[in-house]
Amino acid sequence: MSDPGRPTLGPDVSCDEVADLAGLYVLDALEPADYQSITAHLASCPAAHAEMRELGSVVPALATLVEQIDAPPALKARVMTAVAEAAREGAAAPQRQPEKQPGRYSAGGRVLPPRLADPEDATWNRPTRPWQLPAWASWGSAVAAVVIIAVVGVWALGAQSRASNAEERAAVLTEAIRTFAQPESSIAILRESAAGGSSGFAAVTPSGTAYLVMVNMAPVPADQAYQAWYIVGEQPISAGLLTVDESGLAVFVDQNPEPGAQVIALTREPKGGSDQPTTAPFVSGELRPQA
Amino acid sequence: MTGVADEALIERLATTADEAALSELYDRYQALMYGLAMRITNDAGLAQDAVQEAFVGIWRNAASYSTVRASVRTWMLSITHHRAIDLVRRRRPTTALPEGNFAVAALTVPDVWPEVARAVDVDAVRSAMSELPAPQRQAIELAYFEGLTQVEIAERTGSPLGTIKSRVRLGLLTMRRQLEESQ
């Protein structure tokens, strides 16, 4: 018999596997690793995954079967106090992250940040249109501006054809650009040397969320994958696999970037990723403080 | 605050951490949330913890609510469900949900919660549930109301993992069809 907690999925989740497990996903009934794998897939996959909508639509109906029960009167004060304390702290409490092991492929553990915007940040603009360039993105050097404009431009061209993931991906992309533009962030410009090659940037917040955005990424053969790496000293540590959409855009978020990473690099690896790079990086950039 | 739309309350919560908005949301949904948490945890203390943690999560994620195409009610219940299940599973450490990601499901699948549930009444849902083949109904109930994972349901029922996956999927599809027909 299977062990509870043991993942049933491999590290490289396919759309078919996601569709197959959609019922269990919408009921919160997957093993944690599988849940995270599918969440990460949904956050980056350009496919609509209509099965999630179809099966998920029933879940709110299940809640109607539950008898309403008035909570003890004292609970309201507890709730108000807990939220007030969280607000005073100013941000989400630091979240426990899975331990990262050097050289170990761990893309399955990548999850979308549960909080894409700081509720206390009055300057936060909700991305009502996926291709809307935020006002604060006007910052930066010519290189940075070119990269950001290219990213937003690619997104604009493809946005109309994207289905249910469009808003979510736009939110991540907006947050990535926002992080890139903030002076307290560390950033890396990534530009392939070959003419017409891929380009993009990495940006890491002081609190430790890393974003990687690449445009003009060529499709890889079915037996290969793009893999991102943190380089600490001379030691490459896997950041995870990149999913590239039909427009050549890759958006990647990591809540647990490797501390002390000095360089971000991308390689082409066998499908499923590698423990250590098997090819030379086709693009890399030094991670430096913005300010 | 009475008469203010749910969405406006969430907006106020997101932009100013408005205490009055939070109070109103609590008054509107505490019985639903506590009832759901009690059903899942079967423990008053855990249920109160789940509701408290859910409201903290709601505040933390209020700014992202616009990316979720769901009613406030559905969104709040999905967070409550996730928190309650997480608390239950902490008693079974091998299956605890990922720490801090309680709202991820609702945030990463923007279209996952359309409006089927708004229009159906509880009798229609109960009828749709009761007409399911018993194994499908059992799999859904064990997952949603008891917080068991696929592996745990397989062990509880002595069925293969793939069978559990199929039962849940077929059961939800059948319920959806029946709920649509009942409208």
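This text goes with the structure placed above it.
A brief look at the structure comes next. As the structure is a computational prediction, the values presented were derived from the model and not from experiment.

All right, on to the packing of aromatic side chains then. What describes a pair of aromatic rings is the distance from one ring centre to the other and the angle between the planes of the rings. Scanning the entire structure with this criterion turns up 4 aromatic pairs over all chains. Ring centres 5.4 Å apart and planes at 40° place the aromatic pair B:Tyr26 and B:Phe55 in the tilted group. Of this pair, B:Tyr26 sits in helix α2 (residues 19-41) while B:Phe55 sits in helix α3 (residues 44-61); the two residues are 29 residues apart in sequence, bridging distant segments of the chain. Residue B:Tyr26 shares its accessibility class with B:Phe55, and that shared class is buried. Geometry around A:Phe282 places A:Arg268 over its ring, the cationic atom sitting 4.2 Å from the centre. When the ring centre of B:Phe145 is taken as reference, the NZ or CZ atom of B:Arg39 above it lies at 4.0 Å.

Let us look at empty space enclosed by the protein. Residues and elements named next belong to chain A. Under the definition given, this model contains 4 cavities of 30 Å³ or more. Quantified by volume, the second largest cavity comes out at close to 70 Å³. Around the second largest cavity, the lining residues are Ala 202, Val 204, Ala 210, Tyr 211, Leu 212, Ala 228, Trp 229, Tyr 230, Ala 239, Phe 252 and Ile 264. Listed by contribution, the elements that provide at least two residues to the lining of the second largest cavity are β2 (199-204), β3 (210-215) and β4 (224-232). Each residue belonging to the lining of the second largest cavity can be placed in one class, and the counts come to 11 nonpolar, no polar and no charged.

So, about the packing of α3(B) against helix α4 (residues 72-90) of chain B. Angle between the axes and distance between the axes: these two values describe a pair of packed helices. All names here are of chain B. Between α3 and α4, the least distance of the axes is 8 Å, while the angle of their chain directions is 130°. The orientation of α3 relative to α4 falls into the category oblique. Along this stretch, α3 crosses α4, giving a crossing that reads as right-handed. Two secondary-structure elements touch here, α3 through Leu 46, Asp 49, Ala 50, Glu 53, Ala 54, Phe 55, Ile 58 and Asn 61 and α4 through Trp 75, Met 76, Ile 79, Thr 80, Arg 83, Ala 84, Leu 87 and Arg 90. Of the residues that constitute the contact of α3 with α4, the class distribution is 10 nonpolar, 2 polar and 4 charged.

Quick notes on the rules
Residues numbered from 1 in each chain as written. Chains lettered and ligands numbered in written order. Predicted model: local features only at pLDDT ≥ 70, side-chain atom pairs only at ≥ 80, totals over all residues. Heavy atoms only, no water. Phe/Tyr/Trp six-rings, centres within 6.5 Å; stacked < 30°, edge-to-face > 60°. Helix = DSSP H or I, 4+ residues; strand = E, 2+ residues; numbered from the N terminus. Buried < 20%, exposed > 50% of the residue type's maximum accessible area, 1.4 Å probe, protein only. Lys NZ or Arg CZ within 6 Å of the ring centre and 35° of its normal. 1 Å grid on protein atoms, 1.4 Å probe; cavity = no way out; pocket = protein on both sides within 12 Å on 5 of 7 lines; lining within 4 Å. Points joined across faces, edges and corners; volume = space filled by probe spheres on them. Nonpolar A, V, L, I, M, F, W, Y, C, P; charged D, E, K, R; others polar. Axes fitted to C-alpha atoms, helices over the stretch in contact; angles between N-to-C directions. Parallel < 35°, antiparallel > 145°, perpendicular 65-115°, else oblique. Left-handed = near helix turned anticlockwise from the far one by under 90°. Contact = heavy atoms within 4.5 Å.

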